[in-house]
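Analysis of the macromolecular model
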Amino acid sequence: MVRRLLALGLLAMSLAAPGTQAQTAPAGTAPPAVNAVDPASIQALKDMGAFLLTLKRYQVSTEVTGERVLADGQKLQHSASAKLDVVRPNRLHVTMRTAFSQRELTYDGKVVTLYFPAQKYYSTVEFSDTIGDLIDRFEANYGVQIPLQTCFSSGRRPHGSTTSSRR
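Conventions we followed
Residues numbered from 1 in each chain as written. Predicted model: local features only at pLDDT ≥ 70, side-chain atom pairs only at ≥ 80, totals over all residues. Heavy atoms only, no water. Helix = DSSP H or I, 4+ residues; strand = E, 2+ residues; numbered from the N terminus. Buried < 20%, exposed > 50% of the residue type's maximum accessible area, 1.4 Å probe, protein only. Contact = heavy atoms within 4.5 Å. Areas by Shrake-Rupley, 256 points an atom, 1.4 Å probe, with all protein chains shown as cover. Core = buried A, V, L, I, M, F, W, Y, C linked by side-chain atoms within 4.5 Å. Pairing = 2+ DSSP bridges. Axes fitted to C-alpha atoms, helices over the stretch in contact; angles between N-to-C directions. 1 Å grid on protein atoms, 1.4 Å probe; cavity = no way out; pocket = protein on both sides within 12 Å on 5 of 7 lines; lining within 4 Å. Points joined across faces, edges and corners; volume = space filled by probe spheres on them. Nonpolar A, V, L, I, M, F, W, Y, C, P; charged D, E, K, R; others polar. Phe/Tyr/Trp six-rings, centres within 6.5 Å; stacked < 30°, edge-to-face > 60°.

Counting its regular elements, the protein chain contains 3 helices and 6 strands. Traced from its N-terminal end to its C-terminal end, the protein chain shows the element sequence α-α-β-β-β-β-β-β-α. Evaluated residue by residue, the protein chain yields a buried proportion of 23% over its 167 residues. Contacts in the protein chain between residues far apart in sequence, at least 24 positions, make up 38% of those at least 6 positions apart. A total of about 11800 Å² of accessible surface is found on the protein chain, and carbon and sulfur atoms cover 55% of it.

Below you can see the structure in the form of structure tokens.
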């Protein structure tokens, strides 16, 4: 039961895509008087995130479908999935799939490997720190975000924030 609630909460967090912006009300209409987000839902997500932080080992998977509207009005639907195997503090395996690519990221506590199976291409670099530090380094140095990255440490920036600079 806890696992199912955890998976549902993570799916909800992953659907909050970067770049999503609220629509403004048409001119002449009053803004809604109540908050559209239920505070109890936000608290449930925070509680599930806090629970994840207590686990030493876990597996999470997510599937996301979205659409992009082109200038001519056509809608393109796209989907992506990710599977994460986590062993704290420094072991991680991520498989990311879209219609156009598949990538695998493996971190064994000493070496990080990014592998592209279709191209039979990989890149490896030495790294010996926590998963949270690895995520920060990927985002700061390469602009790469790991799916569901907010699951790895408390107080992390929300997905899609751009407070770090690319080097």
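What follows concerns the nonpolar core. Core analysis: the biggest nonpolar cluster contains 20 residues, and L84, L92, V94, L105, V112, L134 and I146 have the highest contact counts within it. Elements that contribute at least two residues to this core include exactly β1 (57–69), β2 (75–87), β3 (91–98), β4 (102–107) and α3 (131–142). Per element, the largest residue contribution to this core is 4 residues, and it comes from α3.

Pairing is antiparallel across the open sheet formed by 6 strands, whose spatial order is β1-β2-β3-β4-β5-β6. Every interior strand has two partners, whereas the edge strands, β1 and β6 (121–126), have only one. Averaged over neighbouring strand pairs, the angle between their axes works out to 10° when direction is ignored. Relative to β2, β1 runs antiparallel, the two being bridged by 13 bridges. Paired with S61 across the two strands is K83, which belongs to β2. Most of the contacts of α3 go to β3, to which it runs at about 45°, and overall it touches β2, β3, β4 and β5 (111–116).

Approximately 270 Å³ is the volume found for the second largest pocket. Broken down by secondary-structure element, the contributors of at least two residues to the lining of the second largest pocket are β5, β6 and α3. A per-element tally of the lining of the second largest pocket places α3 first, with 5 residues. Grouping the constituent residues of the lining of the second largest pocket by class yields 8 nonpolar, 4 polar and 2 charged.

What follows deals with the packing of aromatic side chains. Evaluation of the coordinates by the stated rule reveals 3 aromatic pairs. An angle of 40° between the planes, with centres 6.3 Å apart, marks the rings of F116 and Y121 as tilted. For F116, a relative accessible area of 23% puts it in the partly exposed group.

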